[in-house]
Amino acid sequence: MSAIALYARETAGFDERVANALAVLRQAAEAHPGRVVQATSLGAEDMVITDLIARHRLPIAIGTLQTGQLHAETVALIPAIESRYGVGVEVYEPVNEAVVTFVRKNGERAMYDSIELRKNCCGIRKLEPLSRMLKERDAWVTGMRREQSNDRGTVAFSELDDKGRTKFNPLANWSWADVWQYIQLHDVPYNALHDQFFPSIGCAPCTRAIAVGEDFRSGRWWWEAEGAKECGLHVHGAEDQA
Ligand code: SF4
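Starting from 1, residues in each chain are numbered consecutively following that chain's sequence as written. With the structure being a predicted model, the display of local features is reserved for residues of pLDDT at least 70 and the display and counting of side-chain atom pairs for 80 or more, all residues being used for whole-chain, interface and lining totals. Excluding hydrogens and water, the side-chain values take into account all heavy atoms of the structure.

Hey, could you run me through the overall build of the chain in this one?
Secondary structure is summarised from DSSP: a helix means a run of H or I of at least four residues, a strand means a run of E of at least two, and numbering begins at the N terminus for each. Scanning the chain from terminus to terminus reveals nine helices and six strands. What you see for the chain is a C-alpha radius of gyration of 17 Å, in line with the 18 Å of a compact globule of 242 residues. Each residue is assigned to one of three classes by its accessible area relative to the maximum for its type, calculated with a 1.4 Å probe on protein chains only: buried under 20%, partly exposed between the two thresholds, exposed over 50%. In the chain, which comprises 242 residues, the proportion classed as buried is 52%. By sequence separation, contacts in the chain at least 24 residues apart represent 72% of the contacts at least 6 residues apart. Surface exposure of the chain reaches about 10900 Å², of which carbon and sulfur atoms provide 52%. Here the radius of gyration uses the C-alpha set of atoms, whereas the globule reference equals 2.2 Å times the residue count to the power 0.38. In what follows, residue pairs with any heavy atoms lying within 4.5 Å of each other are defined as contacts. Every accessible area reported is derived by Shrake-Rupley at a probe size of 1.4 Å, with residue values counting cover from the shown protein chains alone.

How should the packing of aromatic side chains be read in this particular structure?
Pairs were defined over the aromatic rings of Phe, Tyr and Trp, the Trp ring being its six-membered one, requiring ring centres within 6.5 Å. Orientation was assigned from the angle between planes: stacked under 30 degrees, edge-to-face over 60, tilted for the rest. Within this structure, the stated rule accounts for six aromatic pairs. Measuring from centroid to centroid gives 6.0 Å for Trp174 and Tyr182, while their planes differ by 55 degrees, and the two rings are tilted. Here Trp174 and Tyr182 have matching classes, each one buried. Consider the rings of Trp176 and Trp180, whose centres lie 5.6 Å apart with planes at 85 degrees: the pair is edge-to-face. Of this pair, Trp176 and Trp180 both sit in helix α8 (residues 176-186), four residues apart, roughly one helical turn. Each member of the pair, Trp176 together with Trp180, is buried. A connected cluster of aromatic rings, assembled from ring pairs, spans Tyr7, Trp176, Trp180 and Tyr190. Two limits define a charge over a ring: the Lys NZ or Arg CZ must be within 6 Å of the ring centre, and within 35 degrees of the ring normal. Positioned over the ring face of Phe157 is Arg146, at 5.2 Å from the centre of the ring.

What follows is the structure in C-alpha cells.
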C-alpha cells in the first residue's frame, strides 16, 4: 500500500497549517534576502517545503547533503526536483580524503561499533558539508516537526541555532497525516522508500523499515539508546559535536 493511501488524511485546521507554513517561509525570505537556504534531507517533510518554495517562487535556495551513503531512491529525488520545479539543488559532499581516512582506520561498518564512531561519521559526512552549505547564509529552513520525537516536542517556527543563525521550521505543528495530505493534493514527488515503511530516511546503513506501531524514528540508528538518536544537525552545539 502506498504511503499516501496509508497516511494522507485531512484533519481540522489543515488549511491554516499550510497557510502558516507559507507565512513562515515568506518571513524567512523577506528577513534574509539571498542568505537563506532550505537544508533538505529529501524526506517527505522537506519535499513539502520545496514544493511550497517553488510553487510560490520564494527566493530561498535549496541545498542537500550527499553523504555518499544515501539510497538510490533518495539520490533520484535531486534530478526529480530540478525537472519538476525548474530550480537548481545545491549538493554538498564530504571531503573525500576525510572519508577515505576514516574508513581505512575504522572500517565501513564503524557506525555500529560505538556512538562516538557513529557521530564521527556523521561529522565527516554531514556536519562539515552542512557548515559549508551555511557558511554564507544567516538563516536556514528545516522540515522538523514536534511530533517526530520527544526531543523535538518543543520545536518552534523559528529559533536561533548555536551559531546565531535563524532556523525556520515551517512544519513544526504539522502531523504526519498533514504531510501526506499535502503530498497527495499537490502531487509532490517523494521517496519511493516511503512506500516500503521507511517514514524517516537517512543514510542506507543507518535507516531501516519500521513495523506497524513502532515509533516514527525507530528506523534510524535503531541499535542506539533513544537519547543518542540525532545526527547532530539539530542538536545545540551541533556543528562542534559531530
Ligand atoms: S547517518 Fe550513518 S552513514 Fe550517515 S553519516 Fe551518520 S553514521 Fe555515517
